[in-house]
Amino acid sequence: MSEIIQYNKELPVKVETDVFIAGGGPAGVSAAVAASEAGAKVFVAEASQSFGGAAVTMLVPAFMEFGNGTDFLAAGIGKRIFDYLAENAPESAKPYCPPNIPVETLKLCYDSMMEECGAQYCFNTQVIDVAVANGEIQHVICAGKGAIYAVKAKVYIDCTGDADLCAYAGAEFEQGGENGEVMGSTLCGLWTGIQWENVVSPDSRMLEQAFKDQVFSQNDLHLPGMWPIAKGVGGSNTGHVFGVDGTNADSLTKGMVEARKRMQEYRRYYREYLSGFENAELVCSAPQLGIRESRRVVCDYRLVLQDFLDQAVFPDEIGRYSYNIDIHANTVGLDDYELFEKEHTTYRYKVGESYGIPYRTLPVKGFSNLLTAGRCICSDRYMQSSVRVMPGCYITGQAAGTAAAICALENVNVHDAPVKKIQKQLKKLGAYLPNYQE
């Protein structure tokens, strides 16, 4: 057994605020803007040096759907972001329309939104511990560059994706499948030298030949692909590293080293096997490994596959979404890939269809002042695979921020939050709530 030490230190309470938000990804930014516009003082701790989450730190190259072909489901803050990108994308990326992500434009979008809403924030800062008493968070302990300090808030929101704040607080959570298995991770990257006019889709058409030629150290049948970012530039979401636990530094370290080696295999594959990529060159891989799945926090309601199948409607609905079930394989095996293909094609909606997301998926069980948003809301594995993507995070983020502000300003337990008032404020933001009635 390793040696155990006791370590005590007095820490300053650097910030006192109404709402504290851990994580400045799409859920965190949306929560901060929504809470600020509802009248609350807000502080956001972001571990990297920019807002944006997976699109920035993991270079995820594309958005999934903002709507269902009829309705703009990620309305409100998500629509502001969509419109900003359409107006300000670089000339070489125009006419711009998602799914591709102009990452530098997205960074500027988030910066401007945060400056305009007046929220406080600090980069290079992450939660490393939580002080709890009688089911109430008293402080979060933050490690920033050059200092460890405490933050005191009335309401706290976990937008870390991995539910780090909730885990440090001792909240209940689930992770992965029945045996803890998780979806494969991916190291994304930026490429240049692509002749998009010569590219033929789907770009996985030559995988079988590459497997025969032993191009890859593992024959991964699932190749999400390459998205155009600008003239000659592409963003890749290629290949998987299996068995990576996104909540464990040792596992992430091993996975990242393995993924960087694999990137060179995909470089050869694209250049030698696919038209339009003959001169493609990897400019950089992402600074972080792309994690699709980690913790799911236990809250007041668990969103489940049947809700997807039923196109569920809830009285406490804070949004609706429609992205299909998208559980990537857990291993490189054929059976796992075929299961992914079956679910990916079976569990998807027709135009105009969607499922509701109830407020009850946000308040954390056992805590009076803690909410979740983004990938770690309360759901089963199927529904996490749908709501985890960026437009889904805009929806739950703005709802959590709105609820946190109202609960903080009115001194209300998050489990007893005035849902009608939250819905009314969300409508003011522009959220899509077709089933809301005053």
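Preceding block: the structure.
The following refers to the structure shown. Given the structure is predicted, the values throughout are model-derived calculations rather than measurements.

Some details on helix H9 (residues 334-346)
Across its 13 residues, H9 extends 18 Å between first and last C-alpha, which sits within 8% of the 18 Å expected from 1.5 Å per residue. Where the residues of H9 are buried, they touch helix H10 (381-387).

Observations regarding the pairing of strand E13 (residues 317-321)
Within E13, five of the five residues are buried, which leaves the element mostly enclosed by the surrounding structure. The pairing of E13 with strand E14 (residues 355-358) spans four bridges and is antiparallel. Residue pairing in the sheet places Arg320 in a bridge with Gly356 of E14.

Things to note about the packing of helix H1 (residues 26-37) against helix H11 (residues 390-410)
Running from amino to carboxyl end, H1 crosses H11 at an angle of 35 degrees, the nearest separation of the two axes being 7 Å. Along this stretch, H1 crosses H11, giving a crossing that reads as right-handed. Residues Pro26, Ala27, Ser30, Ala31, Ala34 and Ala35 of H1 lie in contact with H11, whose contacting residues are Met390, Cys393, Tyr394, Gly397, Gln398, Gly401, Thr402 and Ala405. For the contact of H1 with H11, the residue count by class is nine nonpolar, five polar and no charged.

Thoughts on the nonpolar core
Within the largest apolar cluster, 108 residues are counted, with the highest numbers of intra-cluster contacts made by Ile157 and Tyr269. With twelve residues, H11 is the largest single contributor of residues to this core. In terms of nonpolar packing, the next biggest core, distinct from the first, is built from 26 residues, Ile137, Val140, Tyr156 and Phe367 among them.

Focus: the sheet that holds strand E11 (residues 281-285)
One open sheet accounts for four strands, arranged E9-E10-E8-E11; its pairing is antiparallel. Only two strands of the sheet have a single partner each, and these edge strands are strand E9 (225-230) and E11. Pairs of neighbouring strands in the sheet enclose a mean axial angle of 30 degrees, with direction left out of account. Note that strand E8 (residues 189-192) and strand E10 (residues 233-237) share three bridges and pair antiparallel. Residue Gly189 lies in a different strand from E10, and its bridge partner there is Ser236. Its contacts with the sheet place helix H7 (residues 249-273) against E8, E9, E10 and E11, and it is angled at close to 155 degrees to E11.

Overview of the pattern of salt bridges
Applying the stated criterion across every chain yields a total of 20 salt bridges. The partner of Asp162 in a salt bridge is Arg375, and the shortest N-O contact between them spans 2.5 Å. Within this pair, whereas Asp162 is found in the loop between strand E6 (147-158) and helix H5 (164-169), its partner Arg375 is found in the loop between strand E15 (370-372) and H10, the two being separated by 213 residues in sequence. With respect to class, Asp162 is no different from Arg375; both count as buried. Note that Arg360 is salt-bridged to Asp316, the shortest N-O span being 2.7 Å. Taken together, the residues span a long stretch of sequence, with Arg360 in the loop between E14 and E15 and Asp316 in the loop between helix H8 (305-310) and E13 at a distance of 44 residues.

Brief notes about unusual backbone geometry
Backbone geometry places Asn124, a non-glycine residue, at a positive phi of 55 degrees. Within the secondary structure, Asn124 sits in the loop between strand E3 (120-122) and strand E4 (125-133). Its relative accessible area of 32% is what places Asn124 among the partly exposed residues. For Asn134, which is not glycine, the phi torsion reads 55 degrees and is therefore positive. Looking at where Asn134 falls in the secondary structure, it is placed in the loop between E4 and strand E5 (136-144).

Looking at H1
For an α-helix the count is 3.6 residues per turn, leaving residues at separations of three or four pointing the same way. Across its twelve residues, H1 extends 17 Å between first and last C-alpha, which sits within 8% of the 16 Å expected from 1.5 Å per residue. Taken as a whole, H1 has its buried residues at Pro26, Ala27, Gly28, Val29, Ser30, Ala31, Ala32, Val33, Ala34, Ala35 and Ser36. Gly39 sits one or two positions beyond H1 and adopts a positive phi of about 100 degrees.

Focus on the packing of aromatic side chains
Applying the stated rule across the entire model yields 24 aromatic pairs. Taken together, a centroid distance of 5.2 Å and an interplanar angle of 75 degrees make the contact between Phe66 and Phe82 edge-to-face. Taken together, the positions of Phe66 in the loop between helix H2 (54-57) and helix H3 (77-88) and Phe82 in helix H3 put the pair 16 residues apart, joining distant regions of the chain. Side by side, Phe66 and Phe82 carry an identical accessibility label, which is buried. For the pair Trp191 and Tyr270, a centre-to-centre distance of 6.0 Å together with 45 degrees between the ring planes defines the contact as tilted. A residue pair is termed long-range when its members are at least 10 positions apart, and Trp191 in strand E8 and Tyr270 in helix H7 qualify at 79 residues. Considered together, Trp191 and Tyr270 belong to a single accessibility category, that of buried residues. The rings of Trp191, Trp196, Phe211, Phe216, Tyr266, Tyr269, Tyr270, Tyr273 and Phe277 are connected pair by pair, giving a single aromatic cluster. Lys14 extends its terminal NZ or CZ atom over the ring of Tyr149, reaching a point 4.5 Å from the ring centre. Sitting over the face of the ring of Tyr301, Arg360 holds its NZ or CZ atom 4.9 Å from the ring centroid.

The rules behind these values
Residues numbered from 1 in each chain as written. Predicted model: local features only at pLDDT ≥ 70, side-chain atom pairs only at ≥ 80, totals over all residues. Heavy atoms only, no water. Helix = DSSP H or I, 4+ residues; strand = E, 2+ residues; numbered from the N terminus. Expected span 1.5 Å × (residues − 1). Contact = heavy atoms within 4.5 Å. Buried < 20%, exposed > 50% of the residue type's maximum accessible area, 1.4 Å probe, protein only. Pairing = 2+ DSSP bridges. Axes fitted to C-alpha atoms, helices over the stretch in contact; angles between N-to-C directions. Left-handed = near helix turned anticlockwise from the far one by under 90°. Nonpolar A, V, L, I, M, F, W, Y, C, P; charged D, E, K, R; others polar. Core = buried A, V, L, I, M, F, W, Y, C linked by side-chain atoms within 4.5 Å. Salt bridge = Lys/Arg side-chain N within 4 Å of Asp/Glu carboxyl O. Phe/Tyr/Trp six-rings, centres within 6.5 Å; stacked < 30°, edge-to-face > 60°. Lys NZ or Arg CZ within 6 Å of the ring centre and 35° of its normal.

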